[in-house]
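Tertiary structure, described
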Amino acid sequence: MAQPAAAPDAANAANAAGTVPERRVSRARKTPRRRLIADRAARWIVSAGGIAIIASILGILVFILHEVLPLTAAAQVATAHRVAIPGAAAIQAVIADEHRTHVATLDQSGLVRVVRLDNGRVAYSSPLLGAAVGPGTPGTPTSAPLALTSAIVPPQSRAFAAATGDGRVLIKKMEFAVTFEGQDRVVTPDETPAVFLEVDPQHRPLGPFAAQRDDDGNATAAAVLADGRLAIVRRAVESNEFTGESTETVGRAEVQVPGRITAVVLDPAQRNLYAGTAGGDLLWWPLQDGQPGEVRGVPAGAPVTALNLLLGGRTLVVGQENGALSAWFAVRQSDDTERLTRIHVFPAHPGAIRLIAPSQRDKGFLASGGGRLGLYFSTADRTLWTGPTPVAEETSLFYTPKADGAYIAGRAAGTAAGQGAWQVADLGIRNPHPEVTFQTLFGKVWYEGYDRPEHVWQSTGGTDDFEPKLSLTPLLVGTLKGTFYSLLLAIPLAVLGAMYTSQFMHPAYKRYLKPMIEIMASLPSVVLGFLAGLWLAPRIQEFLPGLFLMAIVLPLLVLLAGYLWSRTPRAFRNRFPLGTEVLLFVVVLAFGVWLCMRLSPGFEGIAFSGDFQAWLLRVTGLTYDQRNAVVVGLAMGFAVIPIIFAIAEDAFSNVPGNLVAGSLALGADRWQTVTRVVLPTASPGIFSAVMVGFGRAVGETMIVLMATGNTPIMSWNPFNGFRTLSANIAVEIPEAPQGGTLYRTLFLAALLLFCITFLLNTVAELVRQRLRERYSQL
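Since the structure is predicted, the reported quantities are computational estimates derived from the model, not experimental observations.

**So, the overall build of the chain**
Along its length, the chain carries 16 helices and 33 strands. Its C-alpha atoms give the chain a radius of gyration of 40 Å, more than 25% over the compact-globule value 28 Å for 778 residues. Per-residue burial over the chain gives 45% buried out of 778 residues. Within the chain, counting contacts between residues at least 6 apart in sequence, those at least 24 apart form 57% of the total. Put simply, the chain has 65 plus and 60 minus side-chain charges, and the middle of one group is 17 Å from the middle of the other.

**Observations regarding the packing of helix H6 (residues 507–520) against helix H11 (residues 629–653)**
Their axes nearest at 7 Å, the elements H6 and H11 cross at an angle of 140°. On the basis of the axis angle, H6 is oblique to H11. Judged by the twist between their axes, the crossing of H6 over H11 is left-handed. In contact with Lys510, Lys514, Ile517, Glu518 and Met520 of H6, H11 contributes Phe638, Pro642, Phe645, Ala646, Glu649, Asp650 and Ser653.

**Quick look at the sheet that holds strand E31 (residues 422–430)**
Strand order in the open sheet formed by 4 strands is E1-E31-E30-E29, with antiparallel pairing between adjacent strands. Only two strands of the sheet have a single partner each, and these edge strands are strand E1 (76–84) and strand E29 (391–399). In this sheet, adjacent strand axes meet at a mean angle of 25° when their direction is disregarded. When strand E30 (residues 405–412) meets E31, the two strands line up antiparallel, connected through 7 bridges. The residue of E31 that forms the bridge with arginine 411 is tryptophan 422.

**What to know about empty space enclosed by the protein**
On inspection of all chains with the given rule, the structure shows 3 cavities of 30 Å³ or more. Within this model, the largest cavity holds a volume of roughly 60 Å³. Phe377, Thr379, Ala380, Glu435, Thr440, Val445, Tyr447, Pro468 and Leu470 together form the lining of the largest cavity.

**A short note on the pattern of salt bridges**
What the rule picks out here adds up to 21 salt bridges. The salt bridge involving arginine 452 is made with glutamate 454; its shortest N-O contact spans 3.8 Å. Exposure remark for arginine 452: the relative accessible area of 48% places this residue in the partly exposed category. When its relative accessible area of 27% is taken as the criterion, glutamate 454 is described as partly exposed. A cluster of three or more residues bridged by salt bridges with shared partners is formed by Lys510, Lys514, Glu649 and Asp650.

**A closer look at the layout of surface pockets**
Here the second largest pocket is characterised by a volume of approximately 1,000 Å³. In this structure, the second largest pocket is lined by 44 residues; those nearest its centre are Ala151, Ile152, Thr305, Arg354 and Leu355. Sorting the residues of the lining of the second largest pocket by element identifies strand E2 (91–96), strand E6 (148–152), strand E12 (209–213), strand E16 (261–266), strand E21 (304–309), strand E25 (353–358) and E29 as the ones contributing at least two each. Here the lining of the second largest pocket gets 6 residues from one element, more than from any other, and that element is E29. Class assignment for the residues of the lining of the second largest pocket results in 27 nonpolar, 13 polar and 4 charged.

**Comments concerning the packing of aromatic side chains**
Here the structure, examined in full by the defined rule, presents 26 aromatic pairs. Between phenylalanine 608 and phenylalanine 612, the aromatic rings sit 4.9 Å apart at their centres with planes inclined by 85°, giving edge-to-face as the arrangement. Residue phenylalanine 608 shares its accessibility class with phenylalanine 612, and that shared class is buried. Taken together, the ring pairs connect Phe548, Phe603, Phe608, Phe612, Trp615, Tyr624 and Phe719 into an aromatic cluster.

**Remarks on a nonpolar patch on the surface**
Side chains of Val526, Val527, Phe530, Leu531, Leu534 and Trp535 sit close together on the surface and give an oily, nonpolar patch of about 560 Å² of accessible area. By the element assignment, leucine 531 lies in helix H7 (residues 525–567). The exposure class of leucine 531 is partly exposed, given its relative accessible area of 41%.

Conventions used here
- Residues numbered from 1 in each chain as written.
- Predicted model: local features only at pLDDT ≥ 70, side-chain atom pairs only at ≥ 80, totals over all residues.
- Heavy atoms only, no water.
- Helix = DSSP H or I, 4+ residues; strand = E, 2+ residues; numbered from the N terminus.
- Rg over C-alpha atoms; globule rule 2.2 N^0.38 Å.
- Buried < 20%, exposed > 50% of the residue type's maximum accessible area, 1.4 Å probe, protein only.
- Contact = heavy atoms within 4.5 Å.
- Lys, Arg positive; Asp, Glu negative; His and termini not counted.
- Charge placed at Lys NZ, Arg CZ, Asp CG, Glu CD.
- Axes fitted to C-alpha atoms, helices over the stretch in contact; angles between N-to-C directions.
- Parallel < 35°, antiparallel > 145°, perpendicular 65-115°, else oblique.
- Left-handed = near helix turned anticlockwise from the far one by under 90°.
- Pairing = 2+ DSSP bridges.
- 1 Å grid on protein atoms, 1.4 Å probe; cavity = no way out; pocket = protein on both sides within 12 Å on 5 of 7 lines; lining within 4 Å.
- Points joined across faces, edges and corners; volume = space filled by probe spheres on them.
- Salt bridge = Lys/Arg side-chain N within 4 Å of Asp/Glu carboxyl O.
- Nonpolar A, V, L, I, M, F, W, Y, C, P; charged D, E, K, R; others polar.
- Phe/Tyr/Trp six-rings, centres within 6.5 Å; stacked < 30°, edge-to-face > 60°.
- Patch = residues over 30% accessible without salt bridge, like charges linked within 9 Å, V, L, I, M, F, W, Y side chains within 5 Å.
- Areas by Shrake-Rupley, 256 points an atom, 1.4 Å probe, with all protein chains shown as cover.

Here it is as structure tokens:
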């Protein structure tokens, strides 16, 4: 009897000693090598894929930042070199060619010199007054050159305008013809003779003056006479297209001025004349064929010492004796009149502003006074750079056509007053993105022609005078607006549909319904946008009152159908599988939609006086656009519903069955179990589903591009259109010049989208983790 028990005792002793039979050890060590290799390879592939995704996202972020960061670069202004003008008297005006190879100067003696900048040699020289021709003696030189009283470069021109001591104003265009000899560029100055306008018939010296000449030969000059009156002369040229003959007429007008004029400027269209007085007033005369209208005056403060007009001829830059510098333009008043209004104020100079030179490419300008030179940008109300003036006794300032340099004439810096040769300082300017500031991107800006500061996106215009409007705020509002209206439809339908499918629908129907809804997510957004813009939008416009009626009728029909189904005999209901009632509700909803469409015209006649759009405008002041947020909400909601539904349904289905069974066993009915046990437990997954749907809606491009009208306006009105950040990038990026301000601003919009989605996903993950921890104990 003792021997049979010995073997088990020995086995137990062996196990207690930690030894295992050799047969079992060999089986444990025979794990297939292929499985180990496959597991290890799969781990490496998954890890490499995850790292590659992270690296790709970081690479995209780095690329976007690389394109955006140049927007923050500061402007740079440096003196390249100085060119002495041999034998020149006091230089009155300076012009340069667009390639910055030649500079033309006009001195007080009336001599025009063109100097090559690379070697300082005079390439062209001509007496301005000796080449002047007039209407009475075309092509005939005047009797003798006279000294100039003053000279200017009119705004947005490359011409010299000069006032003489005998009451004339002369205008000479300075064009630089460019030809090539092999690889060498040859610049030839234009020798077109000047034209003159006799402003003072008594041949007295003129005071401050302004002049303009267009390509057709029409010219206007305005100057202060010796007695303080303002004289305006208009030379009009009409050409006969058949004979080629030209007819020239000259008109003249004089006006009494309220104060002593110290500065005058004429716009390039020759339709507006502005003047500043020693009393600190700004005067504005509208011109009609050279005849001045009623003067309009506004106080500016200190005496005006310099005036000029920015590109487009609408913004007036005013420099004053106390160093104040400001920008003004006409603003429409409540009585439908226009009044000059100070819009932008720049930091004051230490002394009187003497020179203002506008850019010929944008709304920037240079200003000199009090020994300081500054570079400014009007639209952005921005001071880009300030520094000491590189010459003394500066007399002329010119901003080059490509806005990449400037020339300022005066005596050598550091010399005593009235001493030293006259020279021109060549300034190199690097100012690629002056339009961009935080205020212009996200704040309100007062643009030319607007009655008040506004948020506006309008990146292109019909002319070069256009003032870029790059506010991202309308695009951001449009993105949130489209997302809001789409999720307003998608979240209730998707979450409640997922709840019903998971907790109430019969499994036989669920097997077909869930794949069908998930297939909806594969529909191309361009197809949905096409249908929404061309098919859905006109029908919503026609049956919109019926859509309002659905919000009332459909819930009532569903409740009525549910009540009638619950009142049917139990024996009749038991003949159908649980969940079959969904087919009844589908039929009821289809009938309700059809009924509302049929009742739409009658309902519109009763509730909206027969015309909903007219009623909306009359009662609320809102306009109705065919492609609007309602259309986008339906179309984009249709695209977002499958995504939210699929994730939410998985969250409901993954709730442990013992929680449901326990709730039912404790006496709760099915609805109480779903709302009080299943829904809280599944809330982390539901929240994730909503956030994924939010990200899908924020990044949607084609639907909002085709179904909204793509208008960047600031309004939450559901009946007008909008433009989103993503749609704007898709529309604008193909036409944006690479490296330009618009190009980089679009990348900034992409960075903004990136940050929004990253921030929302981070917050969503934190909230999901909190919900998971809170309901993990259920």
